[in-house]
Amino acid sequence: MNLDLLGRLPVDWRAAISPLLDPDDTAELAAFVATEYAGQTIYPPLPNLFEAYRLCPWESCRVVILGQDPYHGAGQAHGLSFSVPPGVRVPPSLRNVFKELAEDLGVGPAAPERSGALPGMPHPPSRLPPNSSGDLSGWAAQGVLLLNAVLTVRAGEAGSHAGHGWEAFTDATIRALNERDRRIVFLLWGGYARRKAALVTNPAHVVLEAGHPSPLNQRGFGGSRPFSAANKALADAGLPTIDW
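Residues numbered from 1 in each chain as written. Predicted model: local features only at pLDDT ≥ 70, side-chain atom pairs only at ≥ 80, totals over all residues. Heavy atoms only, no water.

Per an unreviewed UniProt entry, the recorded name for the chain is Uracil-DNA glycosylase, and the organism is Pilimelia columellifera subsp. columellifera. UniProt, in its Catalytic activity (unreviewed entry) section for the chain, records the words "Hydrolyzes single-stranded DNA or mismatched double-stranded DNA and polynucleotides, releasing free uracil." Checking UniProt for the chain, the heading Function (unreviewed entry) contains the comment "Excises uracil residues from the DNA which can arise as a result of misincorporation of dUMP residues by DNA polymerase or due to deamination of cytosine." (UniProt positions renumbered as here; feature names shortened; annotations may be inferred.)

K.L.:
How do you make sense of the overall build of the chain when you look at a structure like this?
P.N.:
Counting its secondary structure elements, the chain contains nine helices and six strands. Taking all 244 residues of the chain together, the buried fraction comes to 52%. Residue pairs in contact within the chain that sit at least 24 positions apart in sequence constitute 67% of those at least 6 positions apart. For the chain, the exposed area adds up to about 10,900 Å²; of that, 52% sits on carbon and sulfur atoms. (Helix = DSSP H or I, 4+ residues; strand = E, 2+ residues; numbered from the N terminus. Buried < 20%, exposed > 50% of the residue type's maximum accessible area, 1.4 Å probe, protein only. Contact = heavy atoms within 4.5 Å. Areas by Shrake-Rupley, 256 points an atom, 1.4 Å probe, with all protein chains shown as cover.)

K.L.:
I would appreciate a short explanation of the UniProt feature "active site" (unreviewed entry) in the chain in the present structure.
P.N.:
Within this structure's numbering, the places UniProt gives as "active site" (unreviewed entry) are Asp 69. Among the secondary structure elements, Asp 69 is positioned in the loop between strand E2 (63-67) and helix H5 (92-105). Not counting residues up to four positions away in its chain, the partners in contact with Asp 69 are Asn 148, Val 150, Val 153, Ala 158, Gly 159 and Ser 160. Looking at Asp 69, its side chain comes within polar contact range of the main-chain nitrogen of Gly 159, at 2.6 Å. (Polar contact = N/O pair within 3.5 Å; in protein donor to acceptor, adjacent residues only side chain to side chain.)

K.L.:
Is there a simple way to think about the packing of H5 against helix H9 (residues 226-236) in this case?
P.N.:
The packing of two helices is summarised by the inter-axis angle and the distance between the axes. H9 packs onto H5 with a crossing angle of 60° between their chain directions and a minimal axis gap of 7 Å. If you check the angle between H5 and H9, you find them oblique. Contacts from Val 97, Glu 100, Leu 101, Asp 104 and Leu 105 of H5 reach H9 at Pro 226, Phe 227 and Ser 228. In the contact of H5 with H9, the residues fall into five nonpolar, one polar and two charged. (Axes fitted to C-alpha atoms, helices over the stretch in contact; angles between N-to-C directions. Parallel < 35°, antiparallel > 145°, perpendicular 65-115°, else oblique. Nonpolar A, V, L, I, M, F, W, Y, C, P; charged D, E, K, R; others polar.)

K.L.:
Would you take a moment to explain the pairing of strand E3 (residues 144-148) for this structure?
P.N.:
Within a regular beta strand, the side chains point alternately toward one face of the sheet and then the other, so they alternate between its two faces. When you tally the buried positions in E3, you get five out of five residues, the bulk of the element. The alternating pattern of E3 places Val 144, Leu 146 and Asn 148 on one face and Leu 145 and Leu 147 on the opposite face, and all of these are buried. In this sheet, E3 lies alongside E2 in parallel orientation, the contact comprising five bridges. The residue bridging Val 63 from the neighbouring strand is Val 144, located in E3. (Pairing = 2+ DSSP bridges.)

K.L.:
I would appreciate a short explanation of a negative patch on the surface in the present structure.
P.N.:
Judged by side-chain charge, Asp 22, Asp 24, Asp 25 and Glu 28 come together as a negatively charged surface patch. Residue placement: Asp 24 occurs in helix H3 (residues 23-39). Judged by its relative accessible area of 62%, Asp 24 falls in the exposed class. (Patch = residues over 30% accessible without salt bridge, like charges linked within 9 Å, V, L, I, M, F, W, Y side chains within 5 Å. Salt bridge = Lys/Arg side-chain N within 4 Å of Asp/Glu carboxyl O. Lys, Arg positive; Asp, Glu negative; His and termini not counted. Charge placed at Lys NZ, Arg CZ, Asp CG, Glu CD.)

Encoded structure:
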């Protein structure tokens, strides 16, 4: 099985990232990923490999939420960090994300209606539909790049594709975004993601760090208010906010 990784990447992202990639390393990564898809059960399905890039075009990107690697359970991963397809049970980490969203912006299935603009937001947020779905593609469509640092994983083996080259690929994505002059807000949750803050050196951008939303992390995410803070950072730069 031959796999042209860059050929599968949307053209706009390919043009931005390719100059920052080592061709030999990318070829080695492609060979590894092709072998894994040919011989193992790998998530996400190959057609969804670059879903985060496809749903969030290069010019539209204004927020990055960085995960570590895809969900490794059947039917969960579909190419967007923290997200699961419609109809799939919402994982515990994502439930905590929704809980923080409700407490932060007052939107969500259990949150009361609120009126008036929140700080940094020109208009009050619309109420979210019930979070029976963990599909975050609506965020991606608004310019939120839901990126995992490692884009593939073996079924049932968390972290199994770490250290095989994806990190250089996704680091190149962050570096390319860092070179843009229009503000991007980077939401880095957990120790792994927070190490990527060193890649964001352009003062035009904003990095918002917090603990991981995993239930195993008893502190550091709850109360971080990342959604209102991201919207304020966007509004301060004269950019449209996200309807979370």
